[in-house]
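What follows is the residue order along each chain.
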There are 2 protein chains.
Amino acid sequence: MDERAALRLLAGDLPHAGDDAAVLDGTVVTTDMLHETTDFPAGTTRYTAGWRAVGASLSDVAAMGAAATAAVAIYAAPSFDETDLGDFLRGARDVCAAVDAEYVGGDLDEHREFTVATTALGSLGDADPVLRSGAEPGDAVCVTGTLGRSAAALRLFERGEADRANDLFRFEPRVAAGRALAPHATAMMDSSDGLARSLHQLAEASDCGFRVGWEALPVDPSVADAAGNEADRRELAAHFGEDFELVFTVPEAALERAKEASPTPITRVGSVTESSAGVVADGEPLPDRGFTHSG
Amino acid sequence: MDERAALRLLAGDLPHAGDDAAVLDGTVVTTDMLHETTDFPAGTTRYTAGWRAVGASLSDVAAMGAAATAAVAIYAAPSFDETDLGDFLRGARDVCAAVDAEYVGGDLDEHREFTVATTALGSLGDADPVLRSGAEPGDAVCVTGTLGRSAAALRLFERGEADRANDLFRFEPRVAAGRALAPHATAMMDSSDGLARSLHQLAEASDCGFRVGWEALPVDPSVADAAGNEADRRELAAHFGEDFELVFTVPEAALERAKEASPTPITRVGSVTESSAGVVADGEPLPDRGFTHSG
């Protein structure tokens, strides 16, 4: 069973699961695990690791349109170095402070590989969560911020430019934007698997298609420097993922109000179409896949 | 830095952390990570693993005297077998149902070693949490249920008696008992590190000592079968841990009311003394350590 089939089993079995986070009586809960070998390239500081691991869960809270309230983390490592642990905690606390949440602690665990498990909580108050399933043909599809920062960071880590890479690797979870967009958005999720996969997941959940334009994508300036050519640039912007921006749909009539409400700039990248039209970029099918190494 | 020093760093740095769980606005949050090599002996079913992993976090909620509301888990494994995952989910849901909490889902992660990270939430309403720091000299010290079940289970796993071992390995988190005891208890924690370590941790937090009697310990009947001799029996009952019973202190005058209130039988194992008296069992110092293999 592949990971997606397993996730469907999880979701199908659990009435509150699915989407970016579970919802129970107005409380949003989401949990994530990151590993050194897959998520923290050589050169990632413990400060960045704490920021990024906790930020990834806060981003899931944002994607539901909820306020972030608290986060916890488990720090698992072969040994516990005081400086490393202190740096990690500062990162965890700082990313929480950036979105008005409280880092309320966590646990330690001895483990061969540096691994972090995080859980974030959010509050919807009386509002409904924004799910992945509400997009309607004719809606605009938009993203917050820029795409490709994490991809560019990875290239910089590979080149040994760790300082710039760490800066790019720390992202602001879009909690304030998610809250502001919630009253307008018909569907929303975060872009952690890349824009292409996000569109396919929204398409599946909403039974719709998407038409986007490559030129419309808000590609981060750092990508131009990191990418070898145009094909690579598109790969980094649309497939690499891990940017933790919000991908959302909004009725045409509400687009301007959504732009004005959001504290983070938003960019319209295309439109929602009928399901039969599939997910296309400049008229070509946009494959449902993450990053493929360009060789 | 050893794990305890690191945990002190965590607690000292975070106003809401420490104790068995963090508390924020009446919500209790706790998180844990378990690994195949250290926590799930050969023969542990995925059903038991799901039950036990989620149960460990629910036990931390119980130790604060809170009602358990929800739990999530991350299932990390090298591959995702449908039967394994389904069994794990059943175990996670069943242990939640046993304490009136909801299992609200989780996430999957590819990882070399089978690893589970769980988070449980609880609600205190308007009540104060029961901390580790309130024990007073003269109070009685008590435990819920019996001690040594997990130790006996481990021996049975080693002997290949996996069915009985799995039964013993699944425990009922003492959420109902924790709620009932909360109005009476002056300090409380769970016995996941063993009775001896729990007493030392309560002694440190409350600045007190403990005097317990070996004969007073409610040793689980399964231990007699598993232990080789009396020294081994004491080792399994007081040091092995992972029983997830509650260890708590209560004023003499409230002891009978606490007994009547608790849905789980409670046993008085000794008394709280002055800090200078240390932690003693039958007059001998009870070392602050977990399980030592008896050879």
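Conventions we followed
Residues numbered from 1 in each chain as written. Chains lettered and ligands numbered in written order. Predicted model: local features only at pLDDT ≥ 70, side-chain atom pairs only at ≥ 80, totals over all residues. Heavy atoms only, no water. UniProt positions renumbered as here; feature names shortened; annotations may be inferred. Buried < 20%, exposed > 50% of the residue type's maximum accessible area, 1.4 Å probe, protein only. Helix = DSSP H or I, 4+ residues; strand = E, 2+ residues; numbered from the N terminus. Arc of directions from axis to C-beta. Contact = heavy atoms within 4.5 Å. Least-squares fit on C-alpha atoms with pLDDT ≥ 70 in both. Buried area = accessible area lost by both parts, 1.4 Å probe. Salt bridge = Lys/Arg side-chain N within 4 Å of Asp/Glu carboxyl O. Pairing = 2+ DSSP bridges. Axes fitted to C-alpha atoms, helices over the stretch in contact; angles between N-to-C directions. Polar contact = N/O pair within 3.5 Å; in protein donor to acceptor, adjacent residues only side chain to side chain. 1 Å grid on protein atoms, 1.4 Å probe; cavity = no way out; pocket = protein on both sides within 12 Å on 5 of 7 lines; lining within 4 Å. Points joined across faces, edges and corners; volume = space filled by probe spheres on them. Nonpolar A, V, L, I, M, F, W, Y, C, P; charged D, E, K, R; others polar. Phe/Tyr/Trp six-rings, centres within 6.5 Å; stacked < 30°, edge-to-face > 60°. Lys NZ or Arg CZ within 6 Å of the ring centre and 35° of its normal. Domains from an automatic or database assignment.

Under an unreviewed UniProt entry, chain A has the name Thiamine-monophosphate kinase and belongs to Halobium salinum. We quote the UniProt Catalytic activity (unreviewed entry) comment for chain A here in full: "thiamine phosphate + ATP = thiamine diphosphate + ADP". For chain A, the Pathway (unreviewed entry) comment in UniProt is given as "Cofactor biosynthesis; thiamine diphosphate biosynthesis; thiamine diphosphate from thiamine phosphate: step 1/1."

### Remarks on helix α6 (residues 162-169) of chain B
Residues and elements named next belong to chain B. Among the residues of α6, A165, N166, L168 and F169 are the ones counted as buried. Looking down the long axis of α6, one finds its buried residues gathered within 165 degrees of arc, a one-sided arrangement. In the core, the buried residues of α6 are packed alongside α2 (36-39), α3 (46-63), α5 (149-159) and α9 (221-226).

### What about the relation of the copies chain B and chain A?
Superposing chain B onto chain A takes a rotation of 180 degrees plus a shift of 0.0 Å along the axis, which leaves an RMSD of 0.0 Å. On the angle and the small slide along the axis, the relation comes out as a two-fold axis. In this assembly, 100% of the residues forming the interface of chain B have copies in chain A that are likewise at the interface, indicating an isologous arrangement.

### A word on the interface of chain B and chain A
In this assembly, 47 residues from chain B lie in contact with 47 residues from chain A. Surface buried jointly by chain B and chain A totals about 4200 Å² across both partners, of which 69% is contributed by carbon and sulfur atoms. Applying the counting criterion to the chain B and chain A interface returns two salt bridges. As a salt-bridge pair, B:R112 and A:E113 come within 3.1 Å of each other at their nearest N and O atoms.

### Here we look at the sheet that holds strand β9 (residues 246-250) of chain B
All names here are of chain B. The seven strands lie next to each other as β7-β9-β6-β10-β8-β11-β12, forming an open sheet whose pairing is mixed. Each of the sheet's edge strands pairs with one partner strand only, and the pair in question is β7 (187-190) and β12 (284-285). Inspection of the sheet shows strand β11 (residues 279-281) paired to β12 by two bridges, in the antiparallel sense. When the bridges of β12 are listed, A281 appears paired with E284. Packing of α3 onto the sheet brings it into contact with β7 and β9, and relative to β7 it is tilted by some 175 degrees.

### Details of the sheet that holds strand β1 (residues 22-24) of chain A
Residues and elements named next belong to chain A. Read across the open sheet, the five strands follow the order β1-β2-β5-β3-β4; overall the sheet is mixed. With partners counted over all chains shown, the strands left at the sheet margins are β1 and β4 (102-110), one partner each. Geometrically, the sheet is characterised by an average inter-axis angle of 20 degrees between neighbouring strands, direction not taken into account. The pairing of strand β3 (residues 67-77) with β4 spans seven bridges and is parallel.

### Quick look at the UniProt feature "binding site: Mg(2+) 1" (unreviewed entry) in chain A
All names here are of chain A. If you check UniProt for "binding site: Mg(2+) 1" (unreviewed entry), the listed places come out as T31, D32 and D107 in our numbering. Summarising the element assignment, T31 is placed in strand β2 (residues 27-35). Polar contacts involving the side chain of T31 include one to the main-chain carbonyl oxygen of T118, which spans 3.1 Å. Under the relative-accessibility criterion, D32 is labelled buried at 14%.

### Observations concerning empty space enclosed by the protein
Counting across every chain of the model gives one cavity of 30 Å³ or more. Reported here for the largest cavity is a volume of approximately 40 Å³. Taken together, A:H111, A:R112, A:E113, B:H111, B:R112 and B:E113 make up the lining of the largest cavity. Classifying every residue of the lining of the largest cavity gives no nonpolar, two polar and four charged.

### Quick word on the packing of aromatic side chains
All names here are of chain A. Under the counting rule described, the total for this entry stands at 14 aromatic pairs over all chains. Residues Y75 and F80 carry aromatic rings whose centres are separated by 6.4 Å and whose planes lie at 45 degrees to one another, so their mutual orientation is tilted. Ring-pair connections join several aromatic residues into one group, and the members of that group are F40, Y75, F80, F88 and F114. A cation over a ring is seen here: R46 above F114, with NZ or CZ 3.6 Å from the ring centre. Against the face of F169 rests R52, its NZ or CZ located 3.6 Å from the ring centre.

### Let's talk about unusual backbone geometry
All names here are of chain A. Positive phi values are uncommon outside glycine, yet D100 reaches one of about 60 degrees. Turning to its location among the elements, D100 is positioned in the loop between α4 (82-98) and β4. For D100, a relative accessible area of 71% corresponds to the exposed category.

### A few points about the UniProt feature "binding site: substrate" (unreviewed entry) in chain A
Residues and elements named next belong to chain A. UniProt's entry tags D39, E242 and F291 with the feature "binding site: substrate" (unreviewed entry), counted in the numbering of this structure. The named residues occupy 253 residues along the chain; their greatest pairwise C-alpha distance, 13.6 Å, places them in one compact cluster. When you line up the elements, D39 lands in helix α2 (residues 36-39). Among all residues touching D39, those that are not within four sequence positions of it are M33, L34, F169 and E242.

### Re the domain arrangement of chain A
Residue and element names in this part refer to chain A. We note that the domain assignment places domain 1 (3-123) and domain 2 (140-285) within chain A. Relative placement of domain 1 and domain 2: their C-alpha centres are 21 Å apart. With 28 residues of domain 1 at the contact, the number on the domain 2 side is 22 residues. Carbon and sulfur atoms make up 57% of the surface buried where domain 1 meets domain 2, a total of about 2100 Å² over both sides. Applying the counting rule to domain 1 against domain 2 returns one salt bridge. With its nearest N and O atoms 3.2 Å apart, the salt bridge here joins E242 to R52. The set of elements that each furnish at least two residues to the side of domain 1 that touches domain 2 consists of α1 (3-13), α3 (46-63) and β3.

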